[in-house]
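Chains, contacts and geometry: an overview
So the chains spell out like this:
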Amino acid sequence: MPRLRPSFSYAPVAEALELAGVAAEGPTRARLLARLLAADDEELAQLAGVAAADVVVVTGPGERLPWVDGAVYLRRVDAEPRLLLPTTARCSAPAPALCAALLRIAEGLQPPIVALPTTRQ
């Protein structure tokens, strides 16, 4: 049976929401990694993250997240706390359905799930 890829789009929101994470791709990825490498153990102990060849995602308390120009800052979705979306965008799909579809597509993926608008990663 072929897998269906969820389709979703983003609409801007009027205000920024509470930060829960930061994601960086391309050249911004290298800047975020450099900021993390410069952090001390106390700062890093309050963060969690994952890095791949093309993206880095870090989660933690908003006030502890590193600031990097060009990074995408993330918020938890109230209706589905396992899903992280950009703070400045609202997903047009119902958050629980989108999260469930993403978990089905990426077998073995563990929440939180991050949906990035530009690359649809």
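Up top you'll find the structure we're talking about.
Residues numbered from 1 in each chain as written. Predicted model: local features only at pLDDT ≥ 70, side-chain atom pairs only at ≥ 80, totals over all residues. Heavy atoms only, no water.

Examining the pairing of strand 2 (residues 21-25)
Rules: Categorising residues by exposure relies on relative accessible area from a 1.4 Å probe, with only protein chains included: less than 20% of the type maximum marks a residue as buried, more than 50% marks it as exposed, and the intermediate range marks it as partly exposed. Secondary structure follows DSSP: runs of H or I at least 4 residues long count as helices, runs of E at least 2 residues long count as strands, and numbering of each begins at the N terminus. Here, a strand pair is defined by DSSP locating no fewer than two bridges between the strands.
The element strand 2 is largely enclosed, with a buried count of five among its five residues. Residues Gly21, Ala23 and Glu25 of strand 2 are buried on one face, and the alternating residues Val22 and Ala24, pointing to the opposite face, are buried as well. As paired elements, strand 2 and strand 4 (residues 55-59) share five bridges and run antiparallel to each other. Bridge pairing in strand 4 links glycine 21 to threonine 59. Pairing between strand 2 and strand 5 (residues 72-77): three bridges, direction antiparallel. Each bridged residue has a counterpart across the sheet, and for glycine 21 the counterpart in strand 5 is leucine 74.

Notes on the pairing of strand 4
Successive residues of a regular strand alternate their side chains across the two faces of the sheet. Across the five residues that make up strand 4, a large majority, five, are buried. Here strand 4 shows two buried faces, one formed by Val55, Val57 and Thr59 and the other by Val56 and Val58. The pairing of strand 3 (residues 48-51) with strand 4 spans four bridges and is classified as antiparallel. Residue pairing in the sheet places alanine 51 in a bridge with valine 56 of strand 4. Adjacent in sequence and paired antiparallel, strand 3 and strand 4 are bridged by three residues.

A short note on the packing of aromatic side chains
Threshold: Note on aromatic contacts: the rings of Phe and Tyr and the six-membered ring of Trp form a pair at centre separations within 6.5 Å, being stacked when their planes are under 30 degrees apart, edge-to-face when over 60 apart, and tilted otherwise.
Scanning all chains against the criterion turns up one aromatic pair. Each ring, one from tryptophan 67 and one from tyrosine 73, has its centre 4.9 Å from the other, and the planes form 10°; the classification is stacked. Residue tyrosine 73 is classed as buried on the basis of its relative accessible area, which comes to 8%.

A closer look at unusual backbone geometry
Of the consecutive residues proline 111 and proline 112, the connecting peptide bond is found in the cis state with omega at 10°. Note that proline 112 resides in the loop between helix 3 (95-105) and strand 8 (113-114).

Description of the pattern of salt bridges
Rule in force here: We count a salt bridge whenever a side-chain nitrogen from Lys or Arg sits within 4 Å of a carboxyl oxygen from Asp or Glu.
Summed over all chains, the structure comprises one salt bridge. Among the salt bridges present, the one from glutamate 80 reaches arginine 82, with a minimum N-O distance of 2.9 Å. Taking the relative accessible area as the measure of exposure, glutamate 80 reaches 9% and is therefore buried. Accessibility expressed as a relative area gives 35% for arginine 82, which makes it partly exposed.

Observations concerning the sheet that holds strand 8
Condition: Contacts between residues were defined by any pair of non-hydrogen atoms, one from each residue, lying within 4.5 Å. To obtain an axis, a line is fitted to C-alpha atoms, over the contacting stretch when the element is a helix, and the angle between two such axes runs from 0 to 180 degrees between their N-to-C directions.
The sheet built from six strands is open, its strands ordered 3-4-2-5-6-8 with mixed pairing. Of all the strands in the sheet, the pair left with one neighbour each is strand 3 and strand 8. Lying over the sheet, helix 1 (residues 26-38) contacts strand 2 and strand 4, oriented at roughly 130° with respect to strand 2. Sitting on the sheet, helix 3 touches strand 5, strand 6 (80-86) and strand 8, and the angle it makes with strand 6 is about 90°.

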